[in-house]
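The lines below spell out each chain.
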Amino acid sequence: MKNQSLVGCTKKEIEALLDWRDDASLRSKQMASQIYKRAQSEFSQMADLPAQLRQELEQRFLVSPLEVSRHVRSSDSVQKLLVHNGDGNAYECVLIPYPDRVSCCISSQVGCPMGCRFCATGLGGFDRNLEVSEIVGQYLKLQSLTPRRISHVVFMGMGEPLLNVKSVVASLKILHDEVGLSYRHLTVSTVGIVPAIYQLADLKLPIHLALSLHSPYDDVRQRLMPVNAKWNVAETVGAMKDYSKATGRKVTFEYLLIKGVTDTLDQAERIATLTRGFPCFVNLIPFNWVDTEQGFARPDRKSVNQFRAKLEQAGVNVTERMERGHDIAAACGQLAGQFKQTSRQKTLPQLA
Ligand code: SAH
Ligand code: SF4
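This structure is a prediction, so every number in the text was calculated from the model and none was measured.

Quick notes on the rules
Residues numbered from 1 in each chain as written. Chains lettered and ligands numbered in written order. Predicted model: local features only at pLDDT ≥ 70, side-chain atom pairs only at ≥ 80, totals over all residues. Heavy atoms only, no water. Axes fitted to C-alpha atoms, helices over the stretch in contact; angles between N-to-C directions. Helix = DSSP H or I, 4+ residues; strand = E, 2+ residues; numbered from the N terminus. Left-handed = near helix turned anticlockwise from the far one by under 90°. Contact = heavy atoms within 4.5 Å. Nonpolar A, V, L, I, M, F, W, Y, C, P; charged D, E, K, R; others polar. Expected span 1.5 Å × (residues − 1). Buried < 20%, exposed > 50% of the residue type's maximum accessible area, 1.4 Å probe, protein only. Pairing = 2+ DSSP bridges. Right-handed = clockwise from strand over helix to strand, strands pointing away. Domains from an automatic or database assignment. Buried area = accessible area lost by both parts, 1.4 Å probe. Salt bridge = Lys/Arg side-chain N within 4 Å of Asp/Glu carboxyl O. Polar contact = N/O pair within 3.5 Å; in protein donor to acceptor, adjacent residues only side chain to side chain. Near = heavy atom within 4 Å. Areas by Shrake-Rupley, 256 points an atom, 1.4 Å probe, with all protein chains shown as cover. Phe/Tyr/Trp six-rings, centres within 6.5 Å; stacked < 30°, edge-to-face > 60°. Lys NZ or Arg CZ within 6 Å of the ring centre and 35° of its normal.

Engineer: Requested: an account of the packing of helix α2 (residues 24–37) against helix α6 (residues 165–179), with residues and values cited.
Structural biologist: Two elements in contact, α2 and α6, have axes whose closest approach is 10 Å; the angle formed by their N-to-C orientations is 115 degrees. Crossing of α2 over α6 shows left-handed handedness. For the pair formed by α2 and α6, the contact residues are A32, Y36 and K37 on the first element and I174, E178 and V179 on the second. Each residue belonging to the contact of α2 with α6 can be placed in one class, and the counts come to four nonpolar, no polar and two charged.

So, in structure tokens, the structure goes:
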């Protein structure tokens, strides 16, 4: 059996694991600080622990379960890791430095069962939920790549975080309590799992919630996102409104611009009506090309500007996703998709 990983444990849990020692309280504080504040991944490098304890720890535990199978850097200093923990299921996380802060994007599942038609992850199918150690482990692996502190985390990598609420919430708590990040800098993006939005609202964590809206019309949204058949636009936007009321937080609507599908100006007008009367903003995301076999294309700059102007005229707060890391396939699931394809090409038997 594999050793238990300490990443994913709270300080209290680490203390309980050291029950054979009298100094468990002191040592657990030092270890939590090494693991979460310094992103130290080797017991042997935890210089403030006695040498014998370091050896004992090495025999009993792992710091992190993650191994890196690919590490790519873009020309604009975005770095992406494809990680796994020995079971062959790879998932990805991305480090995104800005002049004033460093952000990262992490995965909550290996693959995704939601099947959105524009998404590389959705097209690749679903393997499993990630555990707390694997979610927090992505943050720490990325943190070990940079001397700057990663202050912002977005759950916009692979998977649907609200299908893995228990581990995602436990991870948010560790990122806040142990790593020391502000809840306000933690963003969970959801396709719109309505009961889980209410579940999250009940917890009243002051995190940032984003909904992938992508069209204000049920027929268009349904064509893009099968989830809409279960919870339609009105119910989903209603849940976001209730979430905002319950938590006092501004919410975000992510809006994917696909040429001729979601970028028509009547949709901008409809969004303005839908989002009126509660604190929110709309984040525009031009479609990142993925071969979806649906013929989806990215709108040109002029249409994006027109769409944006229409929203602004109607009084909507609009932002636009800053696009980074194009040359390393930084969009959701793209790298893992490439990885899967190459391994598939290698392993599939030749059909006669
Ligand atoms: N499952 C969650 C979070 C992961 S996806 C969700 O769907 O919200 C993170 C974001 O990337 C979502 O807004 C998703 O719609 C968007 N996305 C997926 N494929 C994309 C593509 N090809 N181009 C641009 N954005 C994409
Ligand atoms: Fe899953 Fe989000 Fe991709 Fe949809 S967009 S398939 S919910 S990861």
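Engineer: So what about α2? Which residues, and what values?
Structural biologist: With 14 residues, α2 ought to run about 20 Å at 1.5 Å a step, and its terminal C-alpha atoms sit 19 Å apart, in line with that. Residues A24, R27, S28, Q30, M31, A32, Q34, I35 and Y36 constitute the buried set of α2. Buried residues in α2 make contact with α1 (11–17), α3 (51–60), α5 (132–143) and α6. Once α2 ends, the next one or two residues include A39, with phi positive near 55 degrees.

Engineer: Let's hear about the pairing of strand β10 (residues 186–190): which residues, and what values?
Structural biologist: Among the five residues of β10, five are classified as buried, and the element is accordingly described as predominantly covered. Residues L186, V188 and T190 of β10 are buried on one face, and the alternating residues T187 and S189, pointing to the opposite face, are buried as well. Inspection of the sheet shows strand β9 (residues 150–155) paired to β10 by three bridges, in the parallel sense. When the bridges of β10 are listed, V153 appears paired with L186. Taking the sense of rotation as the criterion, the β-α-β connection linking β9, α6 and β10 turns out right-handed. Since β10 and strand β11 (residues 208–212) lie parallel, the crossover through helix α7 (residues 194–203) that links them has a hand, and here it is right-handed.

Engineer: I'd like a rundown of the domain arrangement of the chain, residues and numbers included.
Structural biologist: In terms of domain boundaries, the chain breaks down into domain 1 (4–62) and domain 2 (67–328). The interface is formed by eleven residues belonging to domain 1 together with eleven residues belonging to domain 2. Across the interface of domain 1 and domain 2, roughly 880 Å² is buried in total on both sides, 66% from carbon and sulfur atoms. Per-residue buried area on domain 1 facing domain 2 is highest for V7, Y36 and A39; these three make up 55% of the total on that side. Inspection of the region where domain 1 meets domain 2 yields zero salt bridges. Applying the counting rule to domain 1 against domain 2 returns two residue pairs in polar contact (both at pLDDT 80 or more). Top contributing element to the side of domain 1 that touches domain 2 by residue count: α2, with four residues. Of the residues contributing to the side of domain 1 that touches domain 2, the split by class is six nonpolar, three polar and two charged.

Engineer: Tell me about the site of ligand 1, residues and numbers included.
Structural biologist: Taken together, 21 residues lie around ligand 1, and G159, S189, S212, H214 and N288 are the ones closest in. In the model, a nitrogen atom of ligand 1 is placed 3.0 Å from a nitrogen or oxygen of the F118 main chain. The side chain of E160 places a nitrogen or oxygen atom 3.1 Å from a nitrogen atom of ligand 1. Protein contacts shield 96% of the accessible area of ligand 1, which totals 530 Å² for the unbound molecule. Mapped by element, the contributors of at least two residues to the shell around ligand 1 are β10 and β12 (251–257). Across the shell around ligand 1, the residue classes break down as eleven nonpolar, seven polar and three charged.

Engineer: A description of the pattern of salt bridges should follow, citing residues and the corresponding values.
Structural biologist: In the structure shown here, the tally under the stated rule is twelve salt bridges. Overlapping salt bridges bring together R21, D23, R27 and E56 as one network.

Engineer: I'd love a proper account of the packing of aromatic side chains, names of residues and values included.
Structural biologist: Taken as a whole, this structure holds three aromatic pairs when the rule is applied. Between F253 and F278, the ring centres sit 6.1 Å apart and the planes meet at 80 degrees, which makes this aromatic pair edge-to-face. Residue F253 is located in strand β12, and its partner F278 is located in the loop between α10 (265–274) and β13 (280–286); the two are separated by 25 residues in the primary sequence. Neither residue differs from the other here; F253 and F278 are each classed as buried. Ring geometry for Y255 versus F307: centroids 5.2 Å apart, planes at 20 degrees, classification stacked. A residue pair is termed long-range when its members are at least 10 positions apart, and Y255 in strand β12 and F307 in helix α11 (residues 301–313) qualify at 52 residues. Given the relative accessible area of 0%, F307 is considered buried. One Lys or Arg, R60, reaches over the ring of W20 and ends 3.8 Å from the middle of that ring. Between the NZ or CZ atom of R101 and the centre of the ring of Y98, over which it lies, the distance is 4.4 Å.

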